[in-house]
Amino acid sequence: MANTPQSKKRARQNEKRFAVNKARRSRIRTYLRKVEEAIESGDQAAATAALKAAQPELMRGVTKGVYHKNTASRKMSRLASRVKSLA
């Protein structure tokens, strides 16, 4: 348990940061799920549009520290190749 004023403040900050990061992760996952659903339906136009919408969200997650750069790049690459193979 936090005892010093500094550790109490850090605990409060960590809770706020956790909530913000959780919301960001959830938002990114929603965009990725939309791409997955478009791929499952077999609609390449919808999948391409969903991928274009998901890409900036995923990269924003990198700049905000939610995802590692290579993780985001790997996810984008795999999704892009799956969308491309629909044709």
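Here, the structure is the one placed above.
Conventions and cut-offs
Residues numbered from 1 in each chain as written. Predicted model: local features only at pLDDT ≥ 70, side-chain atom pairs only at ≥ 80, totals over all residues. Heavy atoms only, no water. Axes fitted to C-alpha atoms, helices over the stretch in contact; angles between N-to-C directions. Helix = DSSP H or I, 4+ residues; strand = E, 2+ residues; numbered from the N terminus. Parallel < 35°, antiparallel > 145°, perpendicular 65-115°, else oblique. Contact = heavy atoms within 4.5 Å. Nonpolar A, V, L, I, M, F, W, Y, C, P; charged D, E, K, R; others polar. Phe/Tyr/Trp six-rings, centres within 6.5 Å; stacked < 30°, edge-to-face > 60°. Lys NZ or Arg CZ within 6 Å of the ring centre and 35° of its normal. Expected span 1.5 Å × (residues − 1). Buried < 20%, exposed > 50% of the residue type's maximum accessible area, 1.4 Å probe, protein only. Arc of directions from axis to C-beta. Salt bridge = Lys/Arg side-chain N within 4 Å of Asp/Glu carboxyl O. Polar contact = N/O pair within 3.5 Å; in protein donor to acceptor, adjacent residues only side chain to side chain.

Colleague: What is the right way to look at the packing of helix H2 (residues 44–63) against helix H3 (residues 69–84) in this model?
Modeller: Working note: a packed helix pair is described by the angle between its axes plus the distance between those axes. Two elements in contact, H2 and H3, have axes whose closest approach is 10 Å; the angle formed by their N-to-C orientations is 175°. In this view, H2 runs roughly antiparallel relative to H3, as classed from their interaxial angle. Residues Gln44, Ala47, Thr48, Leu51, Gln55, Leu58, Met59 and Val62 of H2 form the contact with H3, whose participating residues are Lys69, Ala72, Ser73, Lys75, Met76, Leu79, Ala80, Val83 and Lys84. Residue composition of the contact of H2 with H3, grouped by class: 10 nonpolar, 4 polar and 3 charged.

Colleague: Quick question: what am I supposed to make of the packing of aromatic side chains here?
Modeller: In this description, a pair of aromatic rings is defined by centroid distance and the angle of the planes. Under the counting rule described, the total for this entry stands at 0 aromatic pairs. Between Lys34 and the ring centre of Tyr31, over which it is positioned, the NZ or CZ distance is 5.4 Å.

Colleague: Explanation requested: H3 in the structure shown.
Modeller: Every α-helix carries 3.6 residues per turn, so stepping three or four residues along brings you back to the same face. Across its 16 residues, H3 extends 22 Å between first and last C-alpha, which sits within 8% of the 22 Å expected from 1.5 Å per residue. When H3 is considered as a whole, its buried residues turn out to be Ala72, Met76, Leu79 and Val83. End-on, the buried residues of H3 take up no more than an arc of 70°, which puts them together on one face. Exposed residues lying more than 90 degrees from the buried face of H3 are Arg78 and Lys84. Buried residues belonging to H3 abut helix H1 (5–41) and H2.

Colleague: I tried to follow the pattern of salt bridges on my own but got confused; where do I start?
Modeller: Pairs can form between side chains of opposite charge whenever their charged atoms are close. This structure, assessed with the given rule, holds 5 salt bridges. A salt bridge links Glu37 to Arg33, with the nearest nitrogen and oxygen atoms 3.3 Å apart. Of the two residues, Glu37 and Arg33 are both situated in helix H1; the distance of 4 residues between them amounts to about one turn of the helix. Owing to a relative accessible area of 44%, Arg33 belongs among the partly exposed residues under this scheme. Its salt-bridge partner being Arg82, residue Glu40 comes within 4.0 Å of it at the nearest N-O pair.

Colleague: Explanation requested: the side chain of Glu57 in the structure shown.
Modeller: Position of Glu57 among the secondary structure elements: in helix H2. Classification of Glu57 as buried rests on a relative accessible area of 8%. Within the structure, Glu57 has its side chain in polar contact with the side chain of Arg27 (distance 2.9 Å). Beyond its immediate stretch of four places on either side in the chain, Glu57 contacts Arg27, Ile28 and Tyr31.

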